[in-house]
Amino acid sequence: MGNRFDAAAADVDVSKPARAQHGETVEALGRAVDESIRVRWCCRNEKKMLPVNPLLDAFVYFRIFLTHDLNVFPQSRFGLPHILPARAQHVMPLRSMSLAMARRAALAAQGFAASRPGCTVNAGHIRRTVRQLGLLQLDFVNVLVPAHQMVLFSRLGPYDLACYERAIYDGGHFAEQWAHEASIVPVAAWPWLQHRRESFRPWPNSPIMKLKGKRKYLAEIIELIEEIGAVTSQDCPAMPGPARKPGDWHRSVPRWALEYHFGYGKLAVRRRLPNFQRVYDLAERVIDPRHFDTRLSVADQRRELIRQAARACGIATLADLADYYRMTNRDAAPRVLELVDEGVLQP
């Protein structure tokens, strides 16, 4: 097959040819997922996959089910090198899967089949994990830490929260957007969510919608950011909000105004403060121009979201694919059929 990988990272000695049970010469396709999973081999003569451990089969089943140019883990330092080449022409797509196979495919797609890094978790590990998931839903309701930070812990193990902040908010690799819910998404997904921003409608009972002089106040917020740069709600002009009763929790009017502009895509999140408060800036200052200026049809946007949802799910129903980015089945179904016709998805 001629599959290449980083032998040093895989801890596999490829200088000596190995032998399968029947004496065929084989070559390593990857390193172990953990100590219980050794190397999966490919027979050169018969081009058959020789399973070593059922868990590793999940990568193969996942790769066959989604017959697109996806390499599950391109960076061998993160866990596994390429399990299969971009298009394994000698492998026939599966027409059916057992329940156990489907479970392993879903777990592999979500990053649970790879071993945790054998070194201190760095920004690269975090970025690759979020890219594999397609989105990281933000959830600040917590017992120990915000729930979305546990998502990364479950796949990577312990990590420095300062490293997480650098990975997500430094370098322009990601953006906060309304995706599934409020989520962190790769910045490349910005044009795919354009229709979501265009169809955004604020909560009709929010204080900003009932504010007298709303348009003037909203314009003042944008002018302030243009002049001084990124701001929090505390930097904005104060405005009286609804009357509060003891124990009530309400967002301030400036915060409602910033979220109004965020929903429509005029503002983006530059970073978060230690108290999780958003720091907003003009979207064109935060989002890479390559993505900010990209315009796609709504059909193309939804197709790309479904493609990413399929990668993250591994195996899914129509409802699963649609809900990953909060799409209706009606909107998702034509895009799924198009991806089937392209050979991206296997029904």
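Presented here is an overview of the structure given in this document. Counting restarts for each chain, with residues numbered from 1 along the sequence as it is written. Local features are withheld for residues below a pLDDT of 70 in this predicted model, meaning they are given only at 70 or higher, and side-chain atom pairs are given and counted only at 80 or more; totals for whole chains, interfaces and linings count all residues. Derived side-chain values reflect all non-hydrogen atoms in the structure, with water molecules and hydrogen atoms excluded from consideration.

### Overview of the packing of aromatic side chains
For Phe, Tyr and Trp, where Trp contributes only its six-membered ring, two rings pair if their centres lie within 6.5 Å, and the inter-plane angle classes them as stacked under 30 degrees, edge-to-face over 60, or tilted in between. Within this structure, the stated rule accounts for eight aromatic pairs. With centroids separated by 4.8 Å and ring planes inclined at 35°, the aromatic side chains of Phe140 and Phe276 adopt a geometry described as tilted. Here the residue Phe140 occupies a position in the loop between β5 (136-137) and α5 (147-156), and Phe276 occupies one in the loop between β8 (267-272) and β9 (278-282), the gap between them amounting to 136 residues. For every residue, the accessible area (1.4 Å probe, protein chains only) is compared with the maximum for its type, and the residue is labelled buried under 20%, exposed over 50%, or partly exposed between those bounds. The class of Phe140 is partly exposed, set by a relative accessible area of 28%. Residue class for Phe276 comes out partly exposed when judged on its relative accessible area of 33%. Members of the aromatic cluster, each reached through a chain of ring pairs, are Phe200, Tyr260 and Tyr264. Numbering of helices and strands runs from the N terminus; a helix is a DSSP stretch of H or I covering at least four residues, while a strand is a stretch of E covering at least two.

### Comments concerning the environment of Pro146
With respect to the secondary-structure elements, Pro146 resides in the loop between β5 and α5. Separated by 130 residues in sequence, Pro146 and Phe276 have C-alpha atoms that sit 9.7 Å apart. Note on contacts: a residue pair is in contact if any heavy atoms of the two residues lie within 4.5 Å. Excluding residues that lie within four positions of it along the chain, Pro146 makes contacts with Asp139, Phe140 and Phe276.

### Notes on unusual backbone geometry
Even without a glycine there, the phi angle at Phe276 is positive, about 75°. Although it is not a glycine, Arg326 adopts a positive phi angle of roughly 55°. Tracing the sequence through the fold places Arg326 in the loop between α14 (318-324) and α15 (329-342). For Arg326, a relative accessible area of 37% translates into the label partly exposed.

### Topic: the packing of helix α4 (residues 123-133) against helix α6 (residues 161-169)
Axis lines are fitted through C-alpha atoms, for helices just across the contact stretch, and the angle between N-to-C directions can take any value from 0 to 180 degrees. In contact at an axis separation of 9 Å, α4 and α6 are set at 55° when each is read in the N-to-C sense. Between α4 and α6, the angle is such that the two are oblique. For the pair α4 and α6, the sense of crossing is right-handed. Between α4, through Ala123, Ile126, Arg127 and Val130, and α6, the contact on the second element is made entirely by Cys163, Tyr164, Arg166, Ala167 and Ile168. Angles are sorted into four bins: roughly parallel if under 35 degrees, roughly antiparallel if over 145, roughly perpendicular if 65 to 115, and oblique for all others. Helix crossings get a hand from a simple test, with the near helix turned counterclockwise from the far one by less than a right angle marking a left-handed crossing and a clockwise turn marking a right-handed one.

### A look at the pairing of β8
The rule for pairing is simple: two strands pair if DSSP sees at least two bridges between them. Alignment of β8 against β9, held across five bridges, turns out to be antiparallel. Bridge assignment links Arg272 to a residue of β9, and that residue is Arg278. Between β8 and β9, which follow one another and run antiparallel, lie five residues, and Phe276 among them has a positive phi close to 75°.

### Section: the side chain of His261
With respect to the secondary-structure elements, His261 resides in helix α10 (residues 253-264). If sequence neighbours within four positions are ignored, His261 has contacts with Leu218, Ile221, Ile222, Lys266 and Leu267.

### Here's the deal with the nonpolar core
Residues grouped as a nonpolar core are buried Ala, Val, Leu, Ile, Met, Phe, Trp, Tyr and Cys residues, joined through side-chain atoms within 4.5 Å. With 36 residues, the main nonpolar core has Ile126, Tyr164, Ile168, Ile184, Ile208, Tyr217 and Leu258 as its most contacted residues. Contributing elements (two or more residues each) for this core: α4, α5, α6, α9 (214-228), α10, β8 and β9. Once you skip the residues sitting within four places of it in the chain, Leu258 turns out to touch Ile221, Ile225, Val231, Thr232, Ser233, Cys236, Leu267 and Tyr280. Counting residues in hydrophobic clusters, the runner-up holds 23 residues, among them Leu133, Cys313, Met327 and Leu345.

### With respect to the layout of surface pockets
Buriedness for pockets is judged along seven lines, at least five of which must meet protein on both sides within 12 Å for an open set on the 1 Å grid over protein atoms alone, while cavities are sets there where a 1.4 Å probe fits but cannot get out, and lining residues have an atom within 4 Å of a point. Grid points are joined across faces, edges and corners, and a volume is the space filled by probe spheres set on the points. When its volume is computed, the largest pocket comes out at roughly 830 Å³. Contributing to the lining of the largest pocket are 30 residues, with Arg251, Arg255, Glu259, Arg278 and Tyr280 lying nearest its centre. Those elements giving two or more residues to the lining of the largest pocket turn out to be α10 and β9. No other element matches the five residues that α10 contributes to the lining of the largest pocket. Three classes are used: nonpolar for Ala, Val, Leu, Ile, Met, Phe, Trp, Tyr, Cys and Pro, charged for Asp, Glu, Lys and Arg, and polar for all others, with Gly counted as polar. Taken together, the residues that form the lining of the largest pocket break down as 15 nonpolar, seven polar and eight charged.

### Considerations on α10
Since the α-helix turns once every 3.6 residues, residues separated by three or four places project in the same direction. For a helix, the expected span equals 1.5 Å multiplied by the number of residues minus one. In this model α10 runs 17 Å from its N-terminal to its C-terminal C-alpha over 12 residues, within 8% of the 16 Å that 1.5 Å per residue would give. Burial analysis of α10 places 10 of its 12 residues in the buried class, which makes it a mostly covered element. Of the positions making up α10, those classed as buried are Val253, Pro254, Trp256, Ala257, Leu258, Glu259, Tyr260, His261, Phe262 and Gly263. Buried residues in α10 make contact with β6 (174-178), α7 (194-198), α8 (207-210), α9, β8 and β9. Once α10 ends, the next one or two residues include Gly265, with phi positive near 90°.

### Here's the deal with the sheet that holds β5
Across the sheet, which stays open at both edges, the three strands sit in the order β5-β7-β6 with antiparallel pairing between neighbours. The open sheet has two edge strands, β5 and β6, and neither has a second partner. Pairing of β5 with strand β7 (residues 182-186) involves two bridges; the strand directions are antiparallel. Of the residues in β7, the one forming a bridge with Leu136 is Ile184. Running over the sheet, α4 touches β5, β6 and β7 and is turned about 35° from β6.

### Description of empty space enclosed by the protein
Over the atoms, a rolling probe the size of a water molecule traces out where space has been left empty. Inspection of the entire model under this criterion finds three cavities of 30 Å³ or more. A volume near 50 Å³ is recorded for the second largest cavity. Surrounding the second largest cavity, Leu138, Phe140, His148, Gln149, Tyr164, Glu165, Tyr169, Arg272 and Phe276 form its lining. Broken down by secondary-structure element, the contributors of at least two residues to the lining of the second largest cavity are α5 and α6. Ranked by residues supplied to the lining of the second largest cavity, first place goes to α6 with three residues.

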